[in-house]
Amino acid sequence: MQEFEYSLEAYGLTGPKVFRNLPPAKLYEEAILYDAGAAVADSGALAAYSGRKTGRSPLDKRVVKNPDSEEEIWWGPVNVPLDPHAFLVNRERALDYLNTRPRLYVVDAFAGWDPAYRLKVRIIASRPYHALFMTNMLIRPSEEGLRTFGEPTWTVFNAGAFPANRHTTGMTSKTSLDLNLESREFVILGTEYAGEMKKAVFTLMNWLMPARGALSMHAAATEDPRSGSVAILFGLSGTGKTSLGIDSTRLTIGDDEIVWAEDGVFNVEGGCYAATGKLSAAEEPEIAASLRFGALLENVLFEPRTRRVDWQNTSITVNTRGAFPIDFLSTAKLPCRGPHPNQIIFLTCDAYGVLPPVAKLTHEEAIYHFLAGYTAKVGGTEDGVTVPQATFSPCFGAPFLLLPPRNYATLFAEKLAAHDCEVWMLNTGWFGGPVGKGRRFTLAESRAMLHAIYSGALAEAPTEPLERFRMSRVTEIPGFPSQTCDPRSCWPDPEPYDRAAAQLADRFDKHMESYAHDAAAVAKLLPTRT
């Protein structure tokens, strides 16, 4: 493989043999030989395992506190400050570990489909599985593009198989995810979960895009192939962005990380990262068909003799995943760009079973809910989360924000006003009771409601104000009984519903105590509606 060999001497990595931008077939070979447990599934996808951690570790993210950026960072539990010296200790620890590996893998690729905003990203990893993951998740350069790639804008050192030293200043566990904005480097220690790399790149976009007047969003984007109208689907991991963003009737611009810029929207990524637990080819045919040769399956189990994946077996983690290039989708919009959106949908997985299936929001209410970011963390998506947990995540992506939420809300308000978007909330969570008592809306039900929004069938539908929650529930949805549209009537007894609704409303109030001033200030940016 001499044609793929590369030098990393500039980083002090002189011991290992280094391979740059190996094609998937060669990464398969490397994984089978050198990545413990890796195997080829019967679909042709490569199956690999992330070890002890099977979800993200948001409490272990650290940001170097530097005079050049410290006044802008949203410090707190999301962005824990790290001493510059401690970062250097962790960086050297990562490099020392990487230097002990016999083979390293470099992925040089792009983030951002709009060339005007594109980043050059370098991933340095010791596992072929990680290299294949980021080969799929970033935008792959052509052979000519790779020859002229030059130096990367940002570098990710993935030494996740090696732990952080808990005695290093600022460490609270053996996992540390360290971002240095000034050196443009990200260091991963103590976790081999591949999703940390893609979210590292997204975190960088959340830092860089607002300075250019562009809004980076934890969202999917789809386009109507006939009218060209675009919808943005915000949501935390597990709320349905990928499942609903990959739709046989729509073009998929992206399933998780979107930027709303001056000329429209574009995808940050070159691939999709789909939840595969309980995957049904009948319900999600596009995803099932994409999990073929070149794709990566993470933490799935298969029958040893036939290599047939058991999608129903989530004993390793409920957060089983598949990563594949977006052009594997027959519905992909290539290049992954689109015009300004007409519709904004907040995907909210309500674990209380209190919110209506569909609600309409004014722009002022949209700012409130953008800052609230109410949803549920779905089991497995974060380390330690085993069952759905109600949570508030500003901008529907708090773990990946570097600036205060008000900064993103201001951009959101400006773009809402400029393009006069409709705003909706779609509950992909529970009804008839909370988690454990009610049932969750099926994918087919959520998709049918979403199509009613897309088609305009709900534009003039009757609504009823829910003042405590600052929304108006849609009371008639084509194809659904009126009882389904009224969450209170779906509960066996209205009294427990009223108590749960009051409890959730109190949680909204408590969360928004910190953001009430921001919500009011941002709402003033909206034009007065008559």
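In the block above lies the structure referred to throughout.
Keep in mind the model is a prediction, meaning the values are calculated, not measured.

### Thoughts on the overall build of the protein
Scanning the protein for helices and strands turns up 14 helices and 29 strands. Computed over the C-alpha atoms, the radius of gyration of the protein is 23 Å, within 12% of the 24 Å expected from 2.2 N^0.38 for a compact globule of 530 residues. Principal-axis analysis of the C-alpha atoms places the extent of the protein at approximately 65 × 55 × 45 Å. The burial tally for the protein puts 61% of its 530 residues in the buried class. Counting contacts in the protein only where the partners sit at least 6 residues apart, residues at least 24 apart contribute 73% of the total. Positive and negative charge centroids in the protein, built from 53 and 62 side chains respectively, lie 3 Å apart.

### Considerations on the environment of Ala521
Within the secondary structure, Ala521 is located in helix α14 (residues 516-523). C-alpha separation for the pair Ala521 and Glu365, spaced 156 residues apart in sequence, amounts to 13 Å.

### A look at the sheet that holds strand β5 (residues 61-64)
Across the sheet, which stays open at both edges, the nine strands sit in the order β1-β2-β7-β8-β9-β11-β10-β5-β6 with mixed pairing between neighbours. Edge positions in the sheet fall to β1 (5-8) and β6 (80-82), since each has one partner strand and no second. Mean inter-strand twist for the sheet, computed between neighbouring axes without regard to direction, equals 30°. Relative to strand β11 (residues 185-189), strand β9 (residues 154-159) is paired through five bridges, and the arrangement is parallel. Each residue of the ladder has a partner; that of Phe157, found in β11, is Val187. Along the sheet, helix α2 (residues 84-100) makes contact with β2 (13-20), β5, β6, β7 (103-111), β8 (119-125), β9, β10 (176-180) and β11, crossing β11 at roughly 65°.

### Observations regarding the packing of helix α8 (residues 363-372) against helix α13 (residues 494-512)
Orientation of α8 relative to α13, taken along the N-to-C sense of each, is 85°, at an axis distance of 10 Å. Judged by the angle between their axes, α8 and α13 are roughly perpendicular. Residues Tyr368, His369, Leu371 and Ala372 of α8 touch α13, and the partners they reach there are Phe508, Asp509, His511 and Met512. A per-class count over the contact of α8 with α13 returns five nonpolar, two polar and one charged.

### So, unusual backbone geometry
Pro335 follows Leu334 through a cis peptide bond whose omega is -5°. Inspection of the secondary structure puts Pro335 in the loop between β19 (321-325) and β20 (337-338). In this structure, Asp420 takes a positive phi of about 50° despite not being glycine. For Asp420, the position within the fold is in the loop between α9 (405-419) and β25 (422-427).

### Quick notes on the sheet that holds strand β4 (residues 46-48)
Spatial strand order, β3-β4-β18-β19-β17: five strands in an open sheet with mixed pairing. Looking at strand neighbours, the two that pair on one side only are β3 (39-40) and β17 (271-275), the edges of this open sheet.

### Let's talk about the packing of aromatic side chains
On inspection of all chains with the given rule, the structure shows 22 aromatic pairs. Centroid distance Phe346 to Phe412: 6.1 Å. Interplanar angle 40°. Geometry classified as tilted. Of this pair, Phe346 sits in strand β21 (residues 343-348) while Phe412 is found in helix α9, placing the two residues 66 residues apart along the sequence. Between the NZ or CZ atom of Lys65 and the centre of the ring of Trp75, over which it lies, the distance is 5.9 Å. Here Lys199 stacks its cationic end above the ring of Phe400, 4.6 Å away from the centre of that ring.

### A word on α14
Those residues of α14 not exposed but buried are Asp518, Ala519, Val522 and Ala523. Down the axis of α14, the buried side of the element spans an arc of 125°, and every buried residue falls inside it. Next to the buried residues of α14 lie α8, α9 and α13.

### Regarding the environment of Asp493
Tracing the backbone through its elements, the reader meets Asp493 in the loop between α12 (487-490) and α13. Overall, the relative accessible area of 36% leaves Asp493 in the partly exposed class. Separated by 163 residues in the primary sequence, Asp493 and Ser330 have C-alpha atoms spaced 46 Å apart. Engagement of the side chain of Asp493 in a polar contact is seen with the backbone nitrogen of Glu495, the distance being 3.0 Å.

The rules we used
Residues numbered from 1 in each chain as written. Predicted model: local features only at pLDDT ≥ 70, side-chain atom pairs only at ≥ 80, totals over all residues. Heavy atoms only, no water. Helix = DSSP H or I, 4+ residues; strand = E, 2+ residues; numbered from the N terminus. Rg over C-alpha atoms; globule rule 2.2 N^0.38 Å. Buried < 20%, exposed > 50% of the residue type's maximum accessible area, 1.4 Å probe, protein only. Contact = heavy atoms within 4.5 Å. Lys, Arg positive; Asp, Glu negative; His and termini not counted. Charge placed at Lys NZ, Arg CZ, Asp CG, Glu CD. Pairing = 2+ DSSP bridges. Axes fitted to C-alpha atoms, helices over the stretch in contact; angles between N-to-C directions. Parallel < 35°, antiparallel > 145°, perpendicular 65-115°, else oblique. Nonpolar A, V, L, I, M, F, W, Y, C, P; charged D, E, K, R; others polar. Phe/Tyr/Trp six-rings, centres within 6.5 Å; stacked < 30°, edge-to-face > 60°. Lys NZ or Arg CZ within 6 Å of the ring centre and 35° of its normal. Arc of directions from axis to C-beta. Polar contact = N/O pair within 3.5 Å; in protein donor to acceptor, adjacent residues only side chain to side chain.

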